[in-house]
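# Coordinates in review
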Amino acid sequence: MVALQLLQRKGCLPRGKSACSSRVLPSTLCKHENRVSLRPRAAADGAFYPEALDASGYAMAVAEPESDEMSVADIKAALLDSFYGTERGLAARSEIRAEINELITLLEAKNPNRLQEEAMRMLDGTWKLVYTSNSELLAILALSRLPFVSIGDITQRIETVFNTVENKVSISVPLSRTSFSTTASFEVRTPKRLQVRFEKGVIQTPELLADLNVPESVNLLGQQVDLSPLQGVLQPVSQGLNGVISQVGSILSNSSDLSFPISTDSAQTWLLTTYQDEDTRITRGDGGSVFILTKDVPYSPSSMTSQQEAVAEAMML
């Protein structure tokens, strides 16, 4: 009900629809959007009812009910819109999580049953995380609340030819940027379920940045601290560091990334894809976590509806 109210507010569903049973007798008049069809009605089982005709033998006016079922494009648009301000799930309030969970359930009900070959073809590629309830990922996202720390894209690259998965997180701090990734192999149990074993972790050699970018403000213990006075003060320092950073950066560029094996007992997990199309995927983990990922795909605006264009624009934000 929460999701339906949300979608009614967004204009995806008309308000004030009346409900009528799937077995409607001809003598029953259900008004839907004031659209009336002049033809006899039959029950859902195909039986014909004579009272559908009046005394002169003409059909009685019987309303033609409209379906309350939402399209996939409507659900995806509402779901992606509900992520606004949640910081990929980190800042989602309980009522927002409830709305998101209900929209996820609606979209999962639309998931088509595909053959394994088609499912693997659509799974292949690089996916970007837009929402999760996973506690480990939320802990990583929480690092962005530290001063001067920024968490970039969290991506998942799947190569079905080699049965491998790479999860990658980008992290930026003043004067430096790096990433952490894990590589895993997977076994296809069903077209929807993958058994995953993590094998290796990699910490990318830090990339030194020439510019000392100081934000205008930072959140410190729940309070916004204005840093704009420091921007002018640190600009000469940044210019003086350019030469040193360039020399150190050239040395680091010759260093290899730090890799290490993952051999713990908890290195195995499974992933269940509960919805997937060309650009959106919903996956559930063995701990009850949900992951929603999107993928950039080429599209032709002339062949898309306005709702599909809204979904595409939301995924590019």
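Residues numbered from 1 in each chain as written. Predicted model: local features only at pLDDT ≥ 70, side-chain atom pairs only at ≥ 80, totals over all residues. Heavy atoms only, no water.

Turning our eyes to something else, we now look at empty space enclosed by the protein. Using the criterion set out here, one finds one cavity of 30 Å³ or more in the structure. By volume, the largest cavity amounts to about 40 Å³. Lining the largest cavity are Ala119, Met120, Leu123, Pro191, Lys192, Arg193, Leu194, Thr273 and Gln276. For the lining of the largest cavity, the secondary-structure elements that each account for two or more residues are helix 4 (116-123), strand 7 (193-203) and strand 12 (268-276). For the lining of the largest cavity, the leading source of residues is helix 4, giving three residues. (1 Å grid on protein atoms, 1.4 Å probe; cavity = no way out; pocket = protein on both sides within 12 Å on 5 of 7 lines; lining within 4 Å. Points joined across faces, edges and corners; volume = space filled by probe spheres on them. Helix = DSSP H or I, 4+ residues; strand = E, 2+ residues; numbered from the N terminus.)

The next subject is the packing of helix 2 (residues 72-82) against helix 3 (residues 94-108). It is at 10 Å that the axes of helix 2 and helix 3 come closest, and there the two elements cross at 155 degrees. Between helix 2 and helix 3, the angle is such that the two are roughly antiparallel. Seen along the crossing, helix 2 lies across helix 3 with a hand that is left-handed. Contacts from Val72, Ile75, Lys76, Ala78, Leu79 and Ser82 of helix 2 reach helix 3 at Ile96, Ile100, Leu103, Ile104, Leu106 and Leu107. Classifying every residue of the contact of helix 2 with helix 3 by side-chain character gives 10 nonpolar, one polar and one charged. (Axes fitted to C-alpha atoms, helices over the stretch in contact; angles between N-to-C directions. Parallel < 35°, antiparallel > 145°, perpendicular 65-115°, else oblique. Left-handed = near helix turned anticlockwise from the far one by under 90°. Contact = heavy atoms within 4.5 Å. Nonpolar A, V, L, I, M, F, W, Y, C, P; charged D, E, K, R; others polar.)

Further remarks concern the confidence of the model for the protein chain. Per-chain confidence: the protein chain averages 74 in pLDDT, with 57% of residues scoring 70 or above. Mean pLDDT per element in the protein chain: strand 1 (residues 36-37) is the minimum at 38, and strand 14 (residues 290-294) is the maximum at 97. Considering only residues more than four positions removed or in separate chains, one finds that residues 14-53, a stretch of pLDDT under 50, has 74 contacts. Within the model, the stretch residues 299-303 combines pLDDT values under 50 with five contacts to residues more than four positions away or in other chains. (pLDDT = per-residue confidence, 0-100.)

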